[in-house]
Every structure is written in C-alpha cells, then in structure tokens.
Amino acid sequence: MQNKANPLSLPEENDLATFTLDERLERDGIPIASIGLCQMRLMNDRRWPWLVLIPQREGISEIFDLTPLDQTMLTFETTMAAIALKTVTGAQKINVGALGNIVRQLHVHIIARNDGDPNWPGPVWGFGKPEPWDEKEHRDFAARILENL
C-alpha cells in the first residue's frame, strides 16, 4: 500500500499478492482479465454491457489513495476499456463512474448506454431484476472486448 507519509512512494511489491476482491464485486461480476493495474470484470446483467475495473491494490477506497503512477494507470486502463466497450457495442454513450457508496473497495464502472435501453436515461443501479449472461454470450463478449483493448 502507498506510504501515506510520502504520497509519491511506489506500492509495496506484495500489494498484488495480498489483494482481496470484495465479495460483492466477485459475486456480481464475471472475470475477464487482469489488464495491468486492474482486474476487469463483466457485470452479470446483460441488459447493459457493463465493465468494472478494480485496481489490484489492498485497502484502497478512493482514487486519490492510489500512487500518482497508479492513478495514471487507472486513467489509461479506464480509457482503453471504454473505447473497447464503445467499439464492441456501438453505444451512443459510455458512462464512467467510481461511486463506492455501498462497495467501498475502489472500482470503476464503465457502462454502454443507448436511447431506449432499460431505464434510459436514468441510472442502471437498482433498476429492475438483473438478467444474467448466458455462458457462451459472456465468453464471446469478453473475447471481443479483449480483442479491442
């Protein structure tokens, strides 16, 4: 974890080894890949193509808790994932957010939205009942995302 006395310090080498994924992120998301700093997951709700990036750093709840280098990597990986999601889905709008009001572990939502999708233009959180991805569908979708990173 970053040394709070020196915010420019690098993460300790064992940060990745001690990284623990929040059980709700694990339960609600399907793993796609580790893309560097972040673990990329697909939310298991096919109503919206929805990626989640989780920086693999223990005990981090805010972007400003990351080292400056990790903040840069998070921005870079978020941009890569958002471009891939827009390319794969052809979405009209890509929503990006890091809220963390319920799940405190830092994670970034990247959601493809289109006029007329469920609850457009309202938020995706708490709307209706999730529709889980079929295994073949989510594997194909994940493969297309990775091809476009």
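In this text, all values refer to a predicted model and were calculated from it rather than measured experimentally.

What counts, and where the lines are drawn
Numbering of residues begins from 1 in every chain and follows the order in which that chain's sequence is written. Restriction of local features to residues with pLDDT of at least 70 applies here, the model being predicted, together with a cutoff of 80 or more for giving and counting side-chain atom pairs; totals for whole chains, interfaces and linings are based on all residues. Neither water nor hydrogens contribute to the side-chain values; these are computed over all heavy atoms in the structure. Going along the chain from the N terminus, every DSSP run of H or I of four or more residues is numbered as a helix, and every run of E of two or more is numbered as a strand. Throughout, exposure labels follow a simple rule: accessible area from a 1.4 Å probe, protein chains only, divided by the maximum for the residue type, with under 20% read as buried, over 50% as exposed, and the rest as partly exposed. Contact definition: two residues touch when any of their heavy atoms are within 4.5 Å. Here the nonpolar core consists of buried residues drawn from Ala, Val, Leu, Ile, Met, Phe, Trp, Tyr and Cys, with membership extended through side-chain atoms lying within 4.5 Å. Any two strands are treated as partners once DSSP identifies two or more bridges connecting them. Structural elements are reduced to axes, namely lines fitted to C-alpha atoms, with helices fitted over the stretch in contact, and the angle between N-to-C directions of any two is expressed from 0 to 180 degrees. In a helix, the anticipated span is given by 1.5 Å times the number of residues less one. The reported arc concerns the directions from the helix axis to the C-beta atoms and nothing else. Take a side-chain nitrogen of Lys or Arg and a carboxyl oxygen of Asp or Glu: if they are within 4 Å of each other, that pair is a salt bridge. Polar contact criterion, stated in full: a pair of N or O atoms within 3.5 Å, where within protein one must be able to donate a hydrogen and the other to accept it, and residues adjacent in sequence count only if both atoms are side-chain atoms. Throughout, the term roughly parallel applies to angles under 35 degrees, roughly antiparallel to angles over 145, roughly perpendicular to angles from 65 to 115, and oblique to all others. Definitions for this section: a left-handed crossing has its near helix turned counterclockwise from the far helix by less than a right angle. A right-handed crossing has that turn clockwise. In this classification, the charged set is Asp, Glu, Lys and Arg, the nonpolar set is Ala, Val, Leu, Ile, Met, Phe, Trp, Tyr, Cys and Pro, and all remaining amino acids, among them Gly, are polar.

Peer 1: So what exactly am I meant to see when it comes to the overall build of the protein chain here?
Peer 2: Helices and strands together make up the secondary structure of the protein chain, namely three helices and five strands. Element order for the protein chain, N to C, with α for helix and β for strand: α-β-β-β-α-β-β-α. Sorting the 149 residues of the protein chain into buried and exposed places 44% on the buried side. The contacts in the protein chain between residues at least 6 apart in sequence include a share of 57% that link residues at least 24 apart.

Peer 1: When you look at the nonpolar core in this model, what are you seeing that I'm missing?
Peer 2: Nonpolar side chains in soluble globular proteins tend to be buried together. Counting 27 residues, the largest nonpolar core has Met40, Leu51, Leu53, Leu85, Ile110 and Ile145 as its most contacted members. Top element by residues in this core is helix 2 (residues 68-89). It accounts for six residues. Beyond its immediate stretch of four places on either side in the chain, Leu85 contacts Pro49, Leu51, Gly90, Ile94, Ile110, Ile111, Ala112, Phe141 and Ile145. One finds Phe19, Leu25, Met43 and Trp48 within the second-largest nonpolar core, a separate group that totals 11 residues.

Peer 1: Any chance you could explain the sheet that holds strand 1 (residues 29-34) here in plain terms?
Peer 2: Backbone-to-backbone hydrogen bonds join strands into a sheet, with any given pair of strands oriented parallel or antiparallel. The five strands are arranged 1-2-3-5-4 in an open sheet whose pairing can be described as antiparallel. Every other strand in the sheet has two partners, leaving strand 1 and strand 4 (93-97) as the edge strands with one partner each. Strand-to-strand twist in this sheet, taken as the mean axis angle between neighbours without regard to direction, amounts to 25 degrees. Pairing geometry for strand 3 (residues 50-55) and strand 5 (residues 108-113), over four bridges, is antiparallel. Its bridge partner lying in strand 5, Leu51 is registered against Ile110.

Peer 1: Could you clarify how one ought to interpret helix 2 in this entry?
Peer 2: Since there are 3.6 residues in each turn of an α-helix, residues three or four apart along the chain are aligned in direction. Between the first and last C-alpha of helix 2 there are 31 Å, a value that for 22 residues agrees with the 32 Å anticipated at 1.5 Å per step. Residues Asp70, Leu74, Glu77, Thr78, Ala81, Ala82, Ala84, Leu85 and Val88 constitute the buried set of helix 2. Along the axis of helix 2, the buried residues cluster in a sector spanning 165 degrees; they form a single face. Across from the buried face of helix 2, at angles greater than 90 degrees, the exposed residues are Thr72, Thr75 and Ile83.

Peer 1: Would you mind showing me how to read the pattern of salt bridges here?
Peer 2: Between side chains of opposite charge, a pair can form as their charged atoms come close. Tallying each qualifying case throughout the model produces eight salt bridges. As a salt-bridge pair, Asp22 and Arg24 come within 2.9 Å of each other at their nearest N and O atoms. Using a relative accessible area of 16% as the deciding quantity, one classes Asp22 as buried. Under the relative-accessibility criterion, Arg24 is labelled partly exposed at 28%.

Peer 1: Would you take a moment to explain the pairing of strand 1 for this structure?
Peer 2: Looking along a regular strand, one sees the side chains alternate between the two faces of the sheet. The pairing of strand 1 with strand 2 (residues 38-43) spans five bridges and is antiparallel. Bridging across to strand 2, Ala33 finds its partner in Met40. Between strand 1 and the antiparallel strand that follows it, strand 2, lie three residues; Gly36 among them carries a positive phi value of about 135 degrees.

Peer 1: Would you take a moment to explain the side chain of Gln39 for this structure?
Peer 2: On the secondary structure map, Gln39 appears in strand 2. Gln39 gets classed as buried once you look at its relative accessible area, which sits at 15%. A polar contact is formed between the side chain of Gln39 and the side chain of Arg41, at a distance of 2.7 Å. Not counting residues within four places of it along the chain, the set of residues in contact with Gln39 comprises Phe19, Leu21, Ala33, Ser34, Val52, Leu53, Ile54 and Gln56.

Peer 1: So what exactly am I meant to see when it comes to the packing of helix 2 against helix 3 (residues 135-147) here?
Peer 2: Angle between the axes and distance between the axes: these two values describe a pair of packed helices. Where helix 2 contacts helix 3, the axes come no closer than 8 Å and their chain directions differ by 120 degrees. Judged by the inter-axis angle, helix 2 sits oblique to helix 3. Crossing of helix 2 against helix 3: the hand is right-handed. Residues Ala84, Leu85, Val88 and Thr89 of helix 2 touch helix 3, and the partners they reach there are Phe141, Arg144 and Ile145. Looking at the contact of helix 2 with helix 3 residue by residue, the classes come out as five nonpolar, one polar and one charged.

That's the geometry; what it means functionally is another story.
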